[in-house]
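Chains, contacts and geometry: an overview
Letter by letter, the chains look like this.
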Amino acid sequence: SSGINAEYGPGTWAGSLQLFDLSTAGAAVGATSTPSTINAHKTDLQCVALNHSGSLAATASGKGTLIRVFDMRSRQLVIEVRRGTDTATVQCITFNRDSNYLCVSSDKGTVHIFAIRNPELNKRITVANVGYLGSQWAMSSFTLKSECSSVCVFPPHSSGAAVKNAVIALCYDGTCHKYVFNNDGNCNREAYNVFLDITQDLEI
């Protein structure tokens, strides 16, 4: 397996991520390993997510403008992408199954999709007199109800079906949205449903 045997948690310093190597567990009674630290951000971490194999970690600080992806083996930065310029609370970060894409949702009601393996697909500002020159922006994005909190997932591909890149957003207002996107950055809502009517009284 390409996965690694490790756990992570908040580091001692603001914005740091501490990693504990579990590969020595059980090697000897009382065996321990010194944790390593990734200084991911300058301010406190808000959200952290691992990919399916545990080889990559994505982090966001309380500021919520930058998302950084680190290699968990080398502890090195793989890519830095920009969600936006305004402060936001990042509520969900998720990788797709093969770690080609990263999805980020925030309390702004926006969902951003970034290319991780092929960063040339991400958008860039090329006008010299505009700030944030060189930043990698989302290759695709969509907006949910204003300031609607959500969690997002990449659904698995159906066997035998034409491959579609898609993101499903589950919103706290009881709605579910499925958006499909392509590498050109086009993104369209394919399905919508209400899975919970929050206006109804709940019987306890």
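Remember, it's a predicted structure, so these values are computed and weren't measured experimentally.

1. Notes on the environment of Cys103
Examined against the element boundaries, Cys103 turns out to sit in strand β9 (residues 101-106). Exposure remark for Cys103: the relative accessible area of 1% places this residue in the buried category. Setting aside anything within four residues of it in sequence, one finds Cys103 in contact with Cys92, Ile93, Thr94, Val111, His112, Cys152, Phe154 and Val167.

2. Details of the layout of surface pockets
Approximately 260 Å³ is the volume found for the largest pocket. Together, 15 residues line the largest pocket, and Asn96, Arg97, Phe154, Pro155 and Pro156 are the ones closest to its centre. At the level of secondary structure, the elements contributing two or more residues to the lining of the largest pocket comprise β8 (90-95) and β15 (165-171). Split into classes, the residues belonging to the lining of the largest pocket amount to six nonpolar, six polar and three charged. Considering only enclosed or pocket space, the second largest pocket measures out at about 200 Å³ in volume.

3. Considering the pairing of β9
Of all six residues that make up β9, six are buried, and the element is covered over most of its length. Residue alternation in β9 divides its side chains into two sets, Tyr101, Cys103 and Ser105 and Leu102, Val104 and Ser106, and both sets are buried. For β8 and β9, the ladder comprises five bridges, and the chain directions are antiparallel. Residue pairing in the sheet places Phe95 in a bridge with Leu102 of β9. If you look at the hairpin formed by β8 and β9, you'll find five residues sitting between the two strands, and Ser99 has a positive phi there, around 65°. Taken together, the five bridges between β9 and strand β10 (residues 110-115) define a ladder with antiparallel strand orientation. Of the residues in β10, the one forming a bridge with Val104 is His112. Hairpin geometry of β9 and β10 is characterised by an intervening segment of three residues between the two adjacent antiparallel strands and by a positive phi of about 80° at Gly109.

4. Some details on the sheet that holds strand β3 (residues 36-39)
Pairing is antiparallel in the open sheet, where three strands are placed in the order β1-β2-β3. Here the strands that pair on one side only, and so sit at the sheet edges, are β1 (6-10) and β3. Within this sheet the neighbouring strands show an average axis-to-axis angle of 25°, counted without direction.

5. Looking at the packing of aromatic side chains
In the structure shown here, the tally under the stated rule is two aromatic pairs. Relative to Phe181, the ring of Tyr101 lies with its centre 5.2 Å away and its plane at 90°, an arrangement referred to as edge-to-face. Separated by 80 residues along the polypeptide, Tyr101 in strand β9 and Phe181 in strand β16 (residues 175-181) bring together distant segments of the chain. Each member of the pair, Tyr101 as well as Phe181, carries the same accessibility label: buried. Taking the centre distance of 3.8 Å and the plane angle of 10° together, the rings of Phe142 and Tyr179 count as stacked. Linking Phe142 in strand β13 (residues 140-143) with Tyr179 in strand β16, this pair joins segments that are 37 residues apart in sequence. Neither Phe142 nor Tyr179 differs from the other in exposure class; each is buried.

6. Here's the deal with a nonpolar patch on the surface
Taken together, the side chains of Val151, Leu170, Tyr172, Phe195 and Leu196 define a hydrophobic patch exposed on the protein surface, amounting to about 470 Å² of accessible area. The topology assignment puts Tyr172 in the loop between β15 and β16. Residue Tyr172 is classed as exposed on the basis of its relative accessible area, which comes to 56%.

Calculation criteria
As a convention, each chain's residues are numbered from 1 in the sequence order in which they are written. Only residues with pLDDT of at least 70 get local features here, since the model is predicted, and only at 80 or more are side-chain atom pairs given and counted; chain-wide, interface and lining totals rely on the full set of residues. Based on all heavy atoms of the structure, the side-chain values leave hydrogens and waters out of the count. Secondary structure elements are taken from DSSP: a helix is a run of H or I of four residues or more, a strand is a run of E of two residues or more, and numbering for both begins at the N terminus. Only protein chains enter the accessibility calculation, which uses a 1.4 Å probe; a residue is then buried when its area is under 20% of its type maximum, exposed when over 50%, and partly exposed in between. By definition in these notes, contact holds between two residues if any of their heavy atoms fall within 4.5 Å. With a 1 Å grid spanning the protein atoms alone, the term cavity applies to any set of points in which a 1.4 Å probe fits but cannot get out, the term pocket to an open set with protein on both sides within 12 Å along at least five of seven lines, and the term lining residue to any residue with an atom within 4 Å of a point. Grid points are joined across faces, edges and corners, and a volume is the space filled by probe spheres set on the points. For this classification, Asp, Glu, Lys and Arg are treated as charged, while Ala, Val, Leu, Ile, Met, Phe, Trp, Tyr, Cys and Pro are nonpolar and the rest, including Gly, are polar. Any two strands with at least two DSSP bridges between them are considered paired. Here an angle of 0 to 180 degrees is reported between the N-to-C directions of two axes, which are lines fitted to C-alpha atoms, with helices fitted over the stretch in contact. Here a pair means two rings of Phe, Tyr or Trp (six-membered ring of Trp) with centres within 6.5 Å. Their orientation is stacked below 30 degrees between planes, edge-to-face above 60, and tilted elsewhere. Residues qualify for a patch when their relative accessible area is over 30% and they have no salt bridge, like charges being joined within 9 Å and the nonpolar side chains of Val, Leu, Ile, Met, Phe, Trp and Tyr within 5 Å. Here the accessible surface of atoms and residues is derived via Shrake-Rupley with a 1.4 Å probe, and residues count as covered only by protein chains that are part of the display. The salt bridge criterion pairs a side-chain nitrogen of Lys or Arg with a carboxyl oxygen of Asp or Glu, the two atoms within 4 Å.

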